[in-house]
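Coordinate analysis (summary)
Residue strings, one per chain:
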Amino acid sequence: MSSPEEWRDIVIVGAGIAGLYCCWRLLEAGVSPDRIGFFEAADRTGGRILGATWPGDPGCKAEMGAHFLNSGHVLSNALAADLGLATEPAIVFRDHNIVHLRGCSRTRRQISRAWFRKPFDYRVSRYLQRRGIRKLLEKAVRASRRAGHERDRELRFDPPYDQLPLNEAFSRFLTDEELRLLADRLGYSFLHEQLHGNATLAWMADGLFGVRMSWPSSGMSALTDALRAAIEAHGMTIRLGHRLSRVTAGKDGNNASLEFTSPGRMRTIEAGSAVLALPPHALKQVEGLGDDDTMAALFGAVAQWPIATAAVVYPEPWWIEAGFAEGRISTDLAVGQIGIARRHGPETGSQHAALEIYTEGERSGFWRTLLRAGENGQWLGKDHAATREIHRQILKVFDGRLTRNPPLPVDAVVQDWQADPFGGAFHLWRHGSTPESAIERARDPVPGLPLSICGEAWSLQQGWIEGALQTAEQVLVGKYGLAPYGTAEAPA
Ligand SMILES: Cc1cc2nc3c(=O)[nH]c(=O)nc-3n(C[C@H](O)[C@H](O)[C@H](O)COP(=O)(O)OP(=O)(O)OC[C@H]3O[C@@H](n4cnc5c(N)ncnc54)[C@H](O)[C@@H]3O)c2cc1C
């Protein structure tokens, strides 16, 4: 059934953090909620910021999407503070955390003190193995420009990183085994891909060096929940379960006509302008967008990076006895990185505890093969093949460090971020793309249609909440005339 057309001055599509932030900023700037329509395909807000709560114990929670706030990210931290969220330092790695590579488990401390023996079976010098990621990256970057860098945070990436794909530039200056060790220690295989050298390296340095991580004390979803609450406090309703399916020119030629499908219903909204806060995979499926050449070039500029995350629930936090009380374990197994789920919120009375896994690239496909249709993001039960396999791999990492048999898991949930509507957990600029002009193009993608695209995928801070906020900010300031965030706002 088709409903009569409605009019909105501004339509926002996608209630991930980019869309939520756009709506909140417009309302705070004085735009009346009656003028805005806000639509989201899923039955929840938050997009790639997602917490999982184990139904057997509401106190047992895990992060399935974004985990950390990066101290270098101005907008994200200012937003968390403005929303009144308490944050606390996040411990990413500790000296006693295990690194498990090529069948061998060593703690970070053991690796850094490996004076006489190679820590792992790679054809890489003992020195480079001991000094780890930083030295390997420095080796590649230094060799490329035959000069030192001033400070770690200011690694400058001169040619050839602006001319060669990341993988080729790296393989010029690192041996195959060094490159493999670097990727394995980072826990990311995109170093082997044809990505934009400069953009990817600058982005890596930003995430790796000189930054501290924190998280909202009540979990990452507190960010999007607080934005949603602030939007609703303005009297605005977010229409959940509305998937944008088609965009065409509006009747008078200056507007956009947006078609949404919701269960059993089709709804058309005529909009003065629209902000599509969506990743490329979602945009490609919108009729009227995916078939255009300019849009195809825009979509082709970014690679979608696959990641699967999981949470596995145990009756007790047995890993503490095995010396794992905080930080993260890195492995080259399909479980990828293993972290401890923080329990947050007022109801944390129980003994149940969870481990989180985070696995990327081809390895993430392993978990996909274990899920049946409809199981993505659902609690699977203790007897599911994925639950048992996560447990088996975790035990392998702790081999030799356990004084007793740990209990079996009671449940697990796997989230494959490659599935609809995301297409990947985050995005990376491809070799041959020109990120700055693609970002500009996204702000005005279809000549003659009053549309803007924003979100993490279209930013220079891909993979981060900051990227989503930066592009939203560009649209708000550039297209809607708002004052930059944090400066005094003129009433709209
Ligand atoms: C596993 C993982 C770990 C991460 N770790 C971190 C981290 O530690 N720190 C950090 O800062 N960032 C991290 N990120 C990245 C961060 O989560 C994202 O950058 C950010 O959440 C993206 O927000 P967005 O609004 O751009 O897109 P999204 O969150 O993808 O929002 C898009 C929204 O659009 C909706 N939608 C899709 N199609 C349609 C349609 N046709 N019609 C209507 N609605 C539609 C979706 O349901 C979704 O709600 C991580 C991401 C993942 C997946």
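Residues numbered from 1 in each chain as written. Predicted model: local features only at pLDDT ≥ 70, side-chain atom pairs only at ≥ 80, totals over all residues. Heavy atoms only, no water.

A few words now on the overall build of the protein. Scanning the protein for helices and strands turns up 14 helices and 20 strands. Against the globule reference of 23 Å for 492 residues, the protein gives a C-alpha radius of gyration of 23 Å, in line with a compact fold. With respect to the principal axes defined by its C-alpha atoms, the protein has extents near 75 × 55 × 40 Å. Here the protein holds 492 residues, and 57% of them are scored as buried. When contacts within the protein are restricted to residue pairs at least 6 apart in sequence, those whose partners lie at least 24 apart make up 71%. Surface summary for the protein: the accessible area is close to 20500 Å², and the carbon and sulfur share equals 50%. Of note, the protein has its 55 positive side-chain charges centred 8 Å away from the centre of its 57 negative side-chain charges. (Helix = DSSP H or I, 4+ residues; strand = E, 2+ residues; numbered from the N terminus. Rg over C-alpha atoms; globule rule 2.2 N^0.38 Å. Buried < 20%, exposed > 50% of the residue type's maximum accessible area, 1.4 Å probe, protein only. Contact = heavy atoms within 4.5 Å. Areas by Shrake-Rupley, 256 points an atom, 1.4 Å probe, with all protein chains shown as cover. Lys, Arg positive; Asp, Glu negative; His and termini not counted. Charge placed at Lys NZ, Arg CZ, Asp CG, Glu CD.)

Further remarks concern the pattern of salt bridges. In total, this model carries 19 salt bridges according to the counting rule given. Measuring nitrogen to oxygen at the nearest pair gives 3.5 Å for the salt bridge that ties Lys382 to Asp383. Among the residues examined, Asp383 registers a relative accessible area of 53% and is labelled exposed. As a salt-bridge pair, Lys479 and Asp444 come within 3.6 Å of each other at their nearest N and O atoms. Linking Lys479 in the segment after α14 (465-478) with Asp444 in the loop between α13 (435-443) and β20 (451-453), this pair joins segments that are 35 residues apart in sequence. (Salt bridge = Lys/Arg side-chain N within 4 Å of Asp/Glu carboxyl O.)

Counting 100 residues, the largest nonpolar core has Tyr21, Leu79, Phe170, Phe190 and Leu191 as its most contacted members. Looking at which element gives the most residues to this core, the answer is helix α1 (residues 17-28), with nine residues. In contact with Leu191, not counting residues within four places along its chain, are Leu166, Asn167, Phe170, Leu179, Leu182, Ala183, Leu186 and Met204. Membership of the second largest hydrophobic core comes to 32 residues, among which are Val13, Phe39, Ala256 and Phe260. (Core = buried A, V, L, I, M, F, W, Y, C linked by side-chain atoms within 4.5 Å.)

A few words now on the site of the ligand. Taken together, 36 residues surround the ligand, and among them Glu40, Arg48, Phe68, Leu244 and Ile465 come closest. His67 is positioned with one of its backbone polar atoms (N or O) 3.0 Å from an oxygen atom of the ligand. Coverage of the ligand by the protein amounts to 97% of the 1000 Å² it exposes when considered alone. Of all elements in the fold, only α1, β10 (243-249) and α14 reach the threshold of two or more residues within the shell around the ligand. A class-by-class count of the residues in the shell around the ligand yields 22 nonpolar, 10 polar and four charged. Here the shell around the ligand spans two domains, since at least three of its residues come from each of domain 1 (6-48 + 220-303 + 427-478) and domain 2 (51-86 + 307-416). (Near = heavy atom within 4 Å. Polar contact = N/O pair within 3.5 Å; in protein donor to acceptor, adjacent residues only side chain to side chain. Nonpolar A, V, L, I, M, F, W, Y, C, P; charged D, E, K, R; others polar. Domains from an automatic or database assignment.)

Next up on the list: empty space enclosed by the protein. Scanning all chains against the criterion turns up four cavities of 30 Å³ or more. Space inside the largest cavity adds up to approximately 50 Å³. Looking at the lining of the largest cavity residue by residue, the class counts come to four nonpolar, two polar and three charged. (1 Å grid on protein atoms, 1.4 Å probe; cavity = no way out; pocket = protein on both sides within 12 Å on 5 of 7 lines; lining within 4 Å. Points joined across faces, edges and corners; volume = space filled by probe spheres on them.)

Next up on the list: the sheet that holds strand β7 (residues 98-101). Here seven strands make up an open sheet; going across it, the order is β8-β7-β15-β16-β17-β14-β18 and the pairing mixed. Of all strands in the sheet, those bounded by a partner on one side alone are β8 (104-107) and β18 (411-416). On average, adjacent strands in this sheet sit at an angle of 15° to one another, irrespective of strand direction. Taken together, the six bridges between strand β14 (residues 307-314) and β18 define a ladder with antiparallel strand orientation. Following the sheet pairing, Ala310 is matched in β18 by Val414. (Pairing = 2+ DSSP bridges. Axes fitted to C-alpha atoms, helices over the stretch in contact; angles between N-to-C directions.)

In total, this model carries 19 aromatic pairs according to the counting rule given. On the basis of an interplanar angle of 65° and a centroid distance of 6.0 Å, the ring pair of Trp24 and Tyr485 is categorised as edge-to-face. Taken together, the residues Trp24 in helix α1 and Tyr485 in the segment after α14 connect sequence positions 461 residues apart. Neither Trp24 nor Tyr485 differs from the other in exposure class; each is buried. (Phe/Tyr/Trp six-rings, centres within 6.5 Å; stacked < 30°, edge-to-face > 60°.)

Across the protein, the average pLDDT comes to 90, with 93% of residues at or above 70. Below a pLDDT of 50 lies the segment residues 146-154, which in the model reaches 14 contacts outside its immediate sequence neighbourhood of four places, other chains included. (pLDDT = per-residue confidence, 0-100.)

Of the voids in this model, the second largest pocket is the one considered here, and its volume is about 410 Å³. Elements with a contribution of two residues or more to the lining of the second largest pocket: β6 (87-89), β16 (337-340) and β17 (353-360). Taken together, the residues of the lining of the second largest pocket break down into 13 nonpolar, four polar and seven charged.

This part takes up the environment of His100. One can find His100 in strand β7. Between the C-alpha atom of His100 and that of Gly336, which follows or precedes it by 236 residues, the distance is 9.6 Å. Polar side-chain contacts of His100 include one of 2.7 Å to the side chain of Ser105.

Next up on the list: the environment of Thr87. Within the secondary structure, Thr87 sits in strand β6. Taking the C-alpha atoms as reference points, Thr87 and Ser112, separated by 25 residues in sequence, lie 31 Å from one another. Dropping the residues within four chain positions of it, Thr87 is found in contact with Leu69, Ala80, Ser214, Trp215, Pro216 and Ser217.

For the rest of this paragraph, the subject is the environment of Gln470. Assignment of secondary structure puts Gln470 in helix α14. Taking the C-alpha atoms as reference points, Gln470 and Val74, separated by 396 residues in sequence, lie 9.7 Å from one another. Setting aside anything within four residues of it in sequence, one finds Gln470 in contact with Leu75 and Gln461.

Before going further, it helps to spend a moment on helix α11 (residues 361-370). By the burial criterion, the buried members of α11 are Gly361, Ser364, Gly365 and Trp367. With its buried residues spanning 160° around the axis, α11 presents them on a single face. Exposed positions of α11 whose direction lies more than 90 degrees from the buried face are Glu362 and Thr369. Residues of α11 that are buried in the fold lie against β13 (302-305), β14, β17, α12 (385-397) and β18. (Arc of directions from axis to C-beta.)

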